[in-house]
Amino acid sequence: MPASDEVDRIVDAWSRERPDLDFTPLHVFSRVRRLAKHLDRARRSAFSRSDLESWEFDVLSALRRAGGPYQLSPKQLLQQTLVSSGTMTNRIDRLAERDLVTRRTDPNDGRGILVAMTPAGLSRVDAAITRLVDAEAVLLSTLTPADQERMTGLLRRLSLDFELPDA
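Read on for a plain summary of the structure. Treat the numbers as computed from the prediction; the structure is a model and nothing was measured.

## Section: the overall build of the protein
Helix and strand counts for the protein stand at 7 helices and 3 strands. Helices and strands appear in the protein in the N-to-C order α-α-α-β-α-α-β-β-α-α. Relative to the 2.2 N^0.38 estimate, which gives 15 Å for 167 residues, the radius of gyration of the protein is 21 Å and therefore markedly larger than a compact globule would have. Out of the 167 residues in the protein, the part that is buried amounts to 23%. Across the protein, contacts joining residues at least 24 apart in sequence account for 50% of those joining residues at least 6 apart. Here the protein contributes 25 positively and 25 negatively charged side chains, and the mean placements of these two sets differ by 2 Å.

## A closer look at the packing of helix α3 (residues 54-65) against helix α5 (residues 85-97)
For the pair α3 and α5, the least separation of the axes is 11 Å and the interaxial angle reads 90°. Compared by their axis directions, α3 and α5 come out roughly perpendicular. Contacts between α3 and α5 involve Trp55, Glu56, Val59 and Leu60 from the former and Met88, Arg91, Arg94 and Leu95 from the latter. Classifying every residue of the contact of α3 with α5 gives 5 nonpolar, no polar and 3 charged.

## Let's talk about helix α1 (residues 6-17)
Its 12 residues place the ends of α1 17 Å apart at the C-alpha level, agreeing with the 16 Å of an ideal helix rising 1.5 Å per residue. Among the residues of α1, those classed as buried are Val7, Asp8 and Val11. Projection of α1 onto a plane perpendicular to its axis shows the buried side chains occupying an angular sector of 100°, all on one side. In α1, the exposed residues that point more than 90 degrees away from the buried face are Arg16 and Glu17. Tucked into the core, α1 has its buried residues touching α2 (24-49).

## Quick word on the sheet that holds strand β3 (residues 109-117)
Spatially, β1-β3-β2 is the arrangement adopted by the 3 strands of the open sheet, whose pairing is antiparallel. Each edge of the open sheet is held by one strand with a lone partner, namely β1 (71-72) and β2 (101-106). Pairing geometry for β2 and β3, over 6 bridges, is antiparallel. Paired with Arg103 across the bridge in β3 is Val115. Here α3 sits on the sheet in contact with β1, β2 and β3, set at roughly 105° to β3.

## Thoughts on the packing of α1 against α2
In helix packing, the relevant descriptors are the interaxial angle and the interaxial distance, both defined with respect to the helix axes. Closest axis-to-axis distance for the α1/α2 pair is 10 Å, and the angle between their directions is 140°. Classed by the angle they form, the pair α1 and α2 counts as oblique. Of the two possible hands of crossing, α1 and α2 adopt the one that is right-handed. For the pair α1 and α2, contact is made by Glu6, Val7, Asp8, Ile10, Val11 and Trp14 and by Leu26, His27, Ser30, Arg31 and Arg34, respectively. Per-class residue counts for the contact of α1 with α2 are 5 nonpolar, 2 polar and 4 charged.

## Thoughts on the pattern of salt bridges
Per the counting criterion, the structure on display carries 14 salt bridges. Note that Glu6 is salt-bridged to Arg9, the shortest N-O span being 3.2 Å. Taken together, the residues Glu6 and Arg9, both in helix α1 and 3 residues apart, mark about one turn of the helix. Relative accessible area serves as the criterion here: at 45%, Arg9 is assigned to the partly exposed category. As a salt-bridge pair, Arg43 and Glu136 come within 3.1 Å of each other at their nearest N and O atoms. On the criterion of sequence distance, the pair formed by Arg43 in helix α2 and Glu136 in helix α6 (residues 119-140) is long-range, its members being 93 residues apart. When its relative accessible area of 30% is taken as the criterion, Arg43 is described as partly exposed. Sharing partners across several salt bridges, the network here consists of Asp51, Glu56, Arg98 and Arg124.

What counts and what doesn't
- Numbers given for residues are sequential positions, taken from 1 along each chain in its written order.
- Restriction of local features to residues with pLDDT of at least 70 applies here, the model being predicted, together with a cutoff of 80 or more for giving and counting side-chain atom pairs; totals for whole chains, interfaces and linings are based on all residues.
- Only heavy atoms go into the side-chain values, all of them from the structure, while hydrogens and water stay out.
- By definition, any uninterrupted DSSP run of H or I lasting at least four residues is a helix, any uninterrupted run of E lasting at least two residues is a strand, and each is numbered from the N terminus.
- For the radius of gyration, the atoms used are the C-alpha atoms, and the globule rule reads 2.2 Å times the number of residues raised to 0.38.
- The buried label applies to any residue whose accessible area, calculated with a 1.4 Å probe on protein chains only, is under 20% of its type's maximum; exposed applies above 50%, and partly exposed to all values in between.
- Only heavy atoms matter for contacts: two residues are in contact if any of them lie within 4.5 Å across the pair.
- His is not counted here, nor are the chain ends, while Lys and Arg score as positive and Asp and Glu score as negative.
- Charge coordinates come from a single atom per side chain, which is NZ of Lys, CZ of Arg, CG of Asp or CD of Glu.
- Between the N-to-C directions of two axes lies an angle of 0 to 180 degrees, each axis being a line fitted to C-alpha atoms and, for a helix, fitted only over the stretch in contact.
- To sort the angles, those under 35 degrees are grouped as roughly parallel, those over 145 as roughly antiparallel, those from 65 to 115 as roughly perpendicular, and the leftovers as oblique.
- Each residue is assigned to one class: nonpolar for Ala, Val, Leu, Ile, Met, Phe, Trp, Tyr, Cys and Pro, charged for Asp, Glu, Lys and Arg, and polar for all the others, Gly among them.
- What a helix is expected to span follows from its residue count: subtract one and scale by 1.5 Å.
- This arc is taken over the directions from the axis of the helix to the C-beta atoms.
- The criterion for strand pairing is that DSSP finds at least two bridges linking the strands in question.
- Should the near helix be turned counterclockwise from the far one by less than a right angle, the crossing is left-handed, whereas a clockwise turn marks it as right-handed.
- One speaks of a salt bridge when a side-chain nitrogen belonging to Lys or Arg is within 4 Å of a carboxyl oxygen belonging to Asp or Glu.

Okay, here's the thing in structure tokens:
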């Protein structure tokens, strides 16, 4: 049997104090929460080593995933980053001030704008994603590839319930 962790101790104490409750969800979600804290630290470190804030990485990575010429409309960026239009405008302004993105007129719509990543933005986001996957690989290093694949499937199944399209 695997060693006990802090969640086991917490759940055992609750089970002793409240034997009328089923604490199975705590076994899962308390661990997810604790792991999320480790993941957050690893992400902050990867991003800061690339001189990026987390929100900057979110915008730049959306542009990077779009493929060359690494540009999207503000509306497309909104859809990918799930922030308000005012927040996105502010983020684009701040990234432009740092010379990580530029605004261009959309050649297909003279009234439209495209946000394009600069070479400096490309360099930063590529460094950050490399550091991020390296850090995340370390977090998963105690699991076999088969365990990682099984965990991916279980988490995907669970997360699909939360990502249903709005009716």
